[in-house]
Structures are given as C-alpha cells and as structure tokens.
Amino acid sequence: MSARELWSHPKLAIAIVGALLVMGCNPPAPAPPPGPQAGALPPRIIPLPASLSLAGGAPFKIAKETRVTLVGANPEVAAIGETLAALLRRATDFPIPVSASSDGSGSGSVELRFGSDLASLGEDGYRLTVTSDSVRLVAGTPAGLFRGIQTIRQLLPADIESEIGVERGDWAMPALTIVDRPRFAWRGSMLDPARHFLTVKEVEQYIDLMALYKLNVLHLHLSDDQGWRIQINSRPKLTAVGSLSQIGGGPGGFYTQQDYQEIVRYAQARYITIVPEIEMPGHSRAATTAYPEVACTSTFCVDKEDTYALLDDVVREISALTPGTYIHIGGDEVEGLTPEQYARFVERAQTIVNKYGKLMIGWEEIAKAHIKPTTIVQQWKSDSVTAALQYGSKIILSPSDKAYLDMKYTATTELGLTWAALIEVNTAYNWDPAVYMPGVTEQNVVGIEAPIWGETVRNITAVEFQAMPRLAALAEVGWTPQISREWQGFRSRLAAQAPRWHYLGVNYYRSPLIPW
Amino acid sequence: MVLAGGSPFQIIRTTGIFVDGSSAEVTAIGEMLAALIRRPTGFPVVVSPIGTQSVGSIILRLAPDRTALGEEGYELRVTSDSVSLVANRPAGLFRGIQTIRQLLPPDIESEMGQERYDWSIPALSIADQPRFAYRGAMLDVSRHFFTVREVEQYLDVLALYKLNVLHLHLSDDQGWRIQIDSRPKLTAMGSLTQVGGGPGGFYTKRDYQDILRYAQARYILIVPEIDMPSHINAALIGYPELACSARPPAPYTGTDVGWSSLCVDKEETYAFVDDVIRELSAMTPGPYFHIGGDEVKTLTPEQYVKFVERVQTIVNKYGKKMIGWEEITKAHLNPTTIAHQWKSDSATAAVAYGSKLILSPAPKVYLDMKYTPATELGQHWAAYVEVRDSYDWDPATYMKGVTERDIFGVEAPMWSETLRNITAVEYLAIPRLPAVAEVAWTPQAVRNWESFRTRIVTHQRRWNYLGINFYRSPQLPW
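Scoring rules and cut-offs
- Residues numbered from 1 in each chain as written.
- Chains lettered and ligands numbered in written order.
- Predicted model: local features only at pLDDT ≥ 70, side-chain atom pairs only at ≥ 80, totals over all residues.
- Heavy atoms only, no water.
- Helix = DSSP H or I, 4+ residues; strand = E, 2+ residues; numbered from the N terminus.
- Rg over C-alpha atoms; globule rule 2.2 N^0.38 Å.
- Buried < 20%, exposed > 50% of the residue type's maximum accessible area, 1.4 Å probe, protein only.
- Contact = heavy atoms within 4.5 Å.
- Areas by Shrake-Rupley, 256 points an atom, 1.4 Å probe, with all protein chains shown as cover.
- Salt bridge = Lys/Arg side-chain N within 4 Å of Asp/Glu carboxyl O.
- Core = buried A, V, L, I, M, F, W, Y, C linked by side-chain atoms within 4.5 Å.
- Buried area = accessible area lost by both parts, 1.4 Å probe.
- Nonpolar A, V, L, I, M, F, W, Y, C, P; charged D, E, K, R; others polar.
- Domains from an automatic or database assignment.
- Pairing = 2+ DSSP bridges.
- Axes fitted to C-alpha atoms, helices over the stretch in contact; angles between N-to-C directions.
- Polar contact = N/O pair within 3.5 Å; in protein donor to acceptor, adjacent residues only side chain to side chain.

### Considerations on the overall build of chain A
Along chain A, the regular secondary structure elements total 15 helices and 21 strands. The globule rule puts the C-alpha radius of gyration for 516 residues at 24 Å, and the 24 Å found for chain A is close to it. By principal-axis analysis of the C-alpha atoms, chain A measures approximately 75 × 45 × 45 Å. By the burial criterion, 62% of the 516 residues in chain A qualify as buried. In chain A, of all internal contacts separated by at least 6 residues, the share reaching a separation of at least 24 is 71%. As displayed, chain A offers around 17,900 Å² of accessible surface, 55% of which is attributable to carbon and sulfur atoms.

### A few points about the pattern of salt bridges
According to the stated counting rule, one finds 58 salt bridges over all chains in the structure shown. A salt bridge links Arg493(A) to Glu476(A), with the nearest nitrogen and oxygen atoms 2.7 Å apart. Of this pair, Arg493(A) sits in helix α14 (residues 487-495) while Glu476(A) sits in helix α13 (residues 470-479), and the two are 17 residues apart along the sequence. For the pair formed by Arg493(A) and Glu476(A), the shared burial category is buried. We note a salt bridge from Arg66(B) to Glu75(B), for which the minimum N-O separation is 2.5 Å.

### Overview of the nonpolar core
As a rule of thumb, nonpolar side chains are buried together in soluble globular proteins. Counting residues in each nonpolar core, the largest one holds 290 residues, and the members touching the most others are Tyr206(A), Leu60(B), Tyr154(B) and Trp176(B). In contact with Tyr154(B), not counting residues within four places along its chain, are Ala137(B), Leu139(B), Leu166(B), Leu367(B), Met414(B), Ile422(B), Val425(B), Ala429(B) and Leu433(B).

### Remarks on unusual backbone geometry
Residue and element names in this part refer to chain A. The peptide bond linking Met280 to Pro281 adopts the cis configuration, its omega dihedral lying at -10 degrees. Note that Pro281 resides in the loop between β14 (273-280) and α7 (285-290). One non-glycine residue, Ile96, adopts positive backbone phi at about 45 degrees. Relative to the elements of secondary structure, Ile96 occurs in the loop between α2 (75-92) and β4 (98-100).

### Considering the interface of chain A and chain B
Taken together, the contact pairs 35 residues of chain A with 34 residues of chain B. Across the chain A/chain B interface, buried area totals approximately 3,000 Å², and carbon plus sulfur atoms make up 49% of it. For chain A, the biggest contributors to the area lost against chain B are Glu163(A), Glu414(A) and Arg458(A); these three give 26% of the whole. Linking Arg458(A) and Glu111(B) is a salt bridge whose minimum nitrogen-to-oxygen distance equals 3.4 Å. For the side of chain A that touches chain B, the secondary structure elements donating two or more residues are α4 (200-212), α12 (460-467) and α15 (498-504) of chain A. Tallied by class, the residues present in the side of chain A that touches chain B amount to 13 nonpolar, twelve polar and ten charged.

### Points about the domain arrangement of chain B
Residue and element names in this part refer to chain B. By domain assignment, chain B separates into domain 1 (2-128) and domain 2 (134-466). Here the C-alpha centroids of domain 1 and domain 2 sit 34 Å apart. Domain 1 puts 22 residues into the contact, and the matching count from domain 2 is 17 residues. Both faces combined, the contact of domain 1 with domain 2 buries some 1,700 Å², and carbon together with sulfur accounts for 52% of it. It is Arg95, Gln102 and Glu109 that lose the most area in domain 1 upon contact with domain 2, and together they represent 34% of the buried surface on that side.

### A closer look at the sheet that holds strand β12 (residues 221-228) of chain B
Residues and elements named next belong to chain B. Spatially, the eight strands close up into a barrel ordered β10-β11-β12-β13-β14-β15-β16-β17, and their pairing is parallel. On average, each strand axis in the sheet is inclined to that of its neighbour by 25 degrees, with strand direction left out of account. Seen against the sheet, helix α3 (residues 148-160) touches β10 (134-140), β11 (165-169) and β17 (407-414) and runs at an angle of roughly 150 degrees to β11.

### Structural notes on the environment of Glu279(A)
Residues and elements named next belong to chain A. For Glu279, the location among the structural elements is in strand β14. Since its relative accessible area comes to 1%, Glu279 is described here as buried. Separated by 53 residues in the primary sequence, Glu279 and Gln226 have C-alpha atoms spaced 12 Å apart. Ignoring anything within four residues of it in the chain, the contact list for Glu279 reads His221, Ser223, Asp224, Ser284, Phe300, Ile329, Gly330, Gly331, Asp332 and Trp363. Within the structure, the side chain of Glu279 is placed 3.3 Å from the backbone nitrogen of Gly331, a separation counted as a polar contact.

In structure tokens form, the structure reads like this:
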C-alpha cells in the first residue's frame, strides 16, 4: 500500500482536492478506478495543516477499549490528556481511561508524547500519525499537544461534539500523517465588551471557538467611551461610575478581578493568551467621567501628572493580574492633541508598561511616537504602519477591509457596520499578510488579529453571527502556509463545520458562497 | 384585526409618547417603548403624561371600565395621526407594545442608529386578547446551567411572543441550582456539575431576584420547580440521610431518569421539603410552586400518593398553589392544584378533582425533540417535531375527555441534556416557540399554517438583530 503525499506538493494537493471534490458532488462517468481512497474526501480540517499525507490504509476506530496514554507526561500534559478523554467519552459513552506510560503504548491507544527533543516542531507544532492500530500525537510543547488535539477532534465525525451519547456505528479517523505548525506566532481575535458588555461565560464561549481553530490570542478591549469593564482596586470609581451603561442603554457591567482571572485561567487551559487593552488617551470617556480631574475635551489630560498617576495604577494592577507578556494601550483615533502631545503621551505610557514588566502594544497610530523595538504596532488602516518598521517594531495585521469582523457581510446584513468594507467570507480568506502592505514583509509581521467591535452586537449569539465563518477563514490565514491555501478547498471544508457548530451552540452566518 | 387602508402612521423626530400620568407602571411601559424607538431612529421620543395631546403621538391608556379586555387584552388603533393603545391592565399595554414593535420594520430592533427615513405603522384596528391565561415555556437549568444573562435572553424571546410564564426546572439528578440558606449543602455539594461534566453553577438568592425582576418588567411569571421525590440525586449528595435511591448519591453527569429518590417514609424528608418550599416560596411572588413528581420508578403507588399529598399540604401552607407533572393525579388533588400533562396517560384523572391542566404534549411542544433525524441537538424519544407539528394542533381536542374549559394553558418545555448554552437552546426554540405561542394566544378558528409560515419568516431579520439563533426549517419559505 503506497502512501499518497497529498499536501507534500501544494499545487498537486490543490489539484487532487479539487478532483475529489468534483467526484464527491457530481460523480463523473465512467467511474474512477478503485483505489485505497476512492470516493473519500480529504479530511475537513480548519486550519489546513502545513503538511498532510493520507496513508490509504484502514482507519483508526475509537472503541470501548480505546485509552489515552501519556508518554513523558507532566501534570500539564496529563490535563491535556484528560481534556481529550473527556471529549471522547461524552459522545461515545466509552470509558477512555488515561494512563501514563514510559514506553510506547501499543495497540488501541491514543498516545500523547511530549518531549523537549521535539522542540523543532516549534511552540504550537505537532506531529500526528494515525494508523488502524493507534494514534500518536507528539509535540515539543504542551501547546503543540493541545493544537494537535483540535486536529484529532476535527478528524473525527462531527457527532464527537455532542454533549450526550450518540448512537453511531463507528468513530473512525482516517489513517494519515500530519506534520503541522503555524505560519504566524500571533493568531488573535479581539472582543469589545466596552460597547456591549459580555459575561464571563460569553467570553468563555468565544474562547472555545478560538481554541477549535487554533487561535492563540484573545485581546479584550476593556475600556472605551461607553464603559469601563475591569475592576481596579485603587481606582474604584472606574467601575462604580464608568461601567453602568453601554450602547443602546443596557445596564453594562464589569469584570471583577476574580472574573478576569477566571477568564485568564480558562484561556490558559486552551493555550490562549489574554491581552488586556486599556484605551488611552482617547476613547476614554468612561474613565474621565469617573475621574473628571483627568478629563480634557475628548481625551485624558496628557499634560497633567494626575493622568499618569491614574495610568500607573491601572497598568500596575492589570499587569499583576495578567500572566501574558503584553498590555495594549489603544492609542487610536485621538482628536484634540498636537502631534507632540500625542507622542509624549505614548512614550510615557510605554515607560509605565515596561516598568511593570510588560511589553506594549498599540494601534498603529502609536508609530508616530518614538517606540521601542519590543513594542508591537497593531495595523488597522495602514497609513502609519510603515513608520513602525524604522523602530524595528513588529506588526500585527488587522486590516479593517479583511479582518474586522464587525463589518457587514453584505449590504443587507442586519448586524455590523460598513465604513471599511463589506466583507464576505471569501474577502476575509483571500489575502496574504506578507504582501498586504507595500514595504511590510513576512518578517515584519508577528501575526494577524480579527477584531470584533461591539457597537451592534448585544450578546455572544450576535457576536458569533459576525465571527462565523469569517473567524475560521482568518484562523487559516494565520496558520496555514500561503501556498497551501486555496478558496475552493476551504469552502468545502468550511461547509463541513456547520454540524459541529450546531452541536456546540454556535451561531453563524449562512453565507451563500459556502456549499452548506 | 382590521386594516384601515389609509395612510400609515409615521414615527418622526417629534413623535412623543403620552401615558396615563397616574400610573408609574404605565410610565415604565411607555419608557420601554420609547427606548426601543430611540435606539434605531435616534429620535428623542419624549414620554409625557396625557394632557395636551398633539398630532404625531403614541398614546398608552388604561381603561378601568374596560374589564372585558381582561388581564392581557388590548385595543390598538393606528391612523395617520396617532397610535392609540388601550388596555384594562398594564400587562395588556405591555402585550400591545409587542404588537406595535412587530408592526414596525425589523430595523426597529437595531441597537444603533439606522439610516431609514420611513418608520411607519400601517393604519389598522386590532382588538386582541389571549385564548389561554397560561402561556409558558420551561427552561431546564439543571441538566445544563444557564447564567442569569442567558435566562434573561430567553425571557426577551418570550416577551416578544407574548408568553407570560417561565417555568424554571431548578433541580434534577445532575444539579441543584438555587440557594437555600437552611440547607447550604444543596448548592455547596449539589451544584458543581452538569451533563457532559461541565462546572454547573447555581443562582444565589440575589440572582434569582434579578431574574424575577427582569421577568416582572415583561409581565412574565416565574414558576419555580423543585423536582421530587425522584430526579433528586443532586440534593442527596449533600444530604445522603434522605436518600433511598437505587444508587448511592454522587455527582451525576449522565442522562438516565427515575433512579433517585427521597426516603418518603422518613420524617426528616418532610422537614427538608418544608425548608425548601418555605424559602423558595418566600422568594417567589407568583402564586405557583411546581413540585415535579414525574418518572418515579422506585416507590410503590401508595408511597408515591402519600408523598404527593403531604407535599401538597406544605405548598399550600406557604400560600402557593401546587403544580406537578401529570403523575400527581394518582394522588388526591385539591381543585386549586394544577396537573401538568406531558405524555397523557394520567392527565385526564385531574379533571375528576376539578383540577386544571397545563398541556405540554411531548410530540408537539417538547422543544428538546429534534426537528428531523438529522438535527444535531435534542433527543427523539417522543417524536421528531418539525415546526408544523408544533403549530398544527388544537389544545381543546388534543386529549379525549379534556375540553377547553379544563385547560389552564400551554407550556413548551426545553429539557437541556444536549444544550450547553443559550445559543443552542434558541436553535431548538426558534421557530417552534413562536408557533406554540400562537397556539396558546390566537383563537383556533383564526389560526392557519399557511399564514403562520409566511409571517414567521419575516421575523428572521429581527432575530438577527437581536442575536437570536434559529433553525432554518425547510418547511418555511425563508
């Protein structure tokens, strides 16, 4: 039996996928010659792995005797093994025990192997080998194992997502080998609980969705004109005064420090980093209403020491609550300041962030200040990004005409805005971060992020309508090598996700571009 | 409803709302309507007491003499000059506002300003009141816990379709979801998981008050249910001395039923039941307490009957009327007790006691039944229930020996074994819940599937604005 290296040559892979698709939808006559994979569709994985070869043999079947074995386990890996076992147990009703093993684990097992000798697979990389006999997942980091589990999940029938037992003939995974690692280190999304507050559970639902598509950064826009959403003990009026409303007049809300830590923990368990954003010096009306002594026209008073004392308090407390490396200071859309005032403010904010051991991120306008090479610039409209490069800063790409999930899909989409573009699923998918902006190459880009501004979305169900399926498209932009990506293949893989979303309770837009 | 055929009423920048100045309740209803209109139009929409009415106004008025309108009836007259809404009771005004809302374009549901130059309501006259007094939905917060915010989202859906009862199934084998101060181990030990193994949760008394307030503002009654003597495992984890179950009490995340039981022959059991009913009754302003009583597999008929009758006495002692699933009709019921039909084999016995019935026929209104065999969520032990199945039935002829006069109302339960969040709940609820709402509200002679299916599809845009998930049934012309 000869292995077929489906994705070893990307162009060939595309041709084969295309041919299989045609066969699947509309079988040609005469019938194709029978082969090991005749009639089979390639696995419907999103994001598409960097390399995948179907072995062509019999599949692995999860059965009553199947167990999860851990090689080289530490408590973190044991927790990942338990996550996988819990997933498998729910739908199959099989016991799926988890045990540690020093050697290989043999027949009938799903083996998770963790070893620092596998560091060449990178931070999120993994290798997955499925034979009729066993499943072997290896990685050099726990994060790599976690990403690999998402692949196992997507290789199994969608019924695996059920909360209760499903009567089903078999739980098969195709025999294959996947060697996978992400294109970009930063694969993010942003929620805006400032414009409409989202509960902890709602944020966790979004984290679940991100985890399924191997995203690894959730940026929380925790303050804006409409609301301050994070408890700061040294500045109690921020929430006491600043959290009580939202767009549309609803009651708003805020995260206690305990709530925030719960979100951080939930994200950590899914190898997702929380990046908190406190918007300054503009978009700050909720804060300046609470502390009018730092309020100047439409921004914080950048020439008052009181302002920096407030920022110090906020950055200090949030830094202490946040295990991740980054604090986002906003910095966008500032009116009423001279360029000198703005630059001075950003530079002082940068000093404060660094003082508490964190690195700074800001929207692209911050490139007008003198920023450090460790500071990251988040592009959104492109006109001040290239200035960042002269400082040696890296760039997160969030092009508003590709990756802003609050843009409407079409002119008739009820939710969302239109100022940047109408963004159908293909628009979100069909772009290359390495060539999106003149002068910005792959080396300048740390990754991409898909923001969803909250003006029109009053709950997570509405958020999901805007996010899905575009978030899955952008996850693939961030993960999969450009040369392997291809719209026709993506749309058929995407269509296969819908039953999963139904099981998981995920709302989505039924784009007419997708063959649901 | 009579379409007047004249020019419509247009909401414009100067449109105001005039309300009966004497009633704070009516003012609050006026403010709700004003807030709704302000969001997408950006118009100021001032609410003022009735006095000098001007052209271009919306008038909300209570008419104490119009008792024929009943608790929830209303009259709505729309001309090109004004919108006049009259009701005998505030609840009627609130229901009427939902009609105004649905007469406006779906863009009215937007959270932010819409560029739209025509916010018109067709000229017409509507005289409306519900067929049944009790029009409910049930949410099972035990099999999967739902946050206060999620319950509120469901209440918003109920309100849009003029439902007036949310029955909360607060306890079952998998989780105890309501704080009871005298029995702290109920939540400390009984709330920590759910089906599928998630972390569960419970409502503090304050959470429960939040839900009650949110429901009250929408003229929706909360009916709390504590399911007993079976479906009780979660309670027994902390109080094993009350357990006479087939298995020892322990956290349970599966979906079997009927195996757990209180020891109905022990006095401690009734002290426990008294504590729970006392505290929960004190927290609940509504007149009803639902005691479950279904699917008891480990007791003799005599034991079961004795238990139900003692619990009925306790419920009545704390000033509430008892509701129980239809199995309770095996006991001797007070006429004020209500039997909750679900499978029909013991419901008719209630009629002999003079008890009323709530109808929740599983093959029609169990919203956790799959739509078709391909539906991912839900179960199918009773039936596959497509939208038309939920719509095309008549409560008055559904069961032999049960007539319209025996029926208190209709309720659509949502058991949550397969549903891990409100988005999943909505996928099964919509569009069947609006179908059931029409079964319960609209006179049978006026209802018509063809009409319903063309009306319901126009609600899709509203659901999208509101962040409501739904099933795109192939029976409907989307």
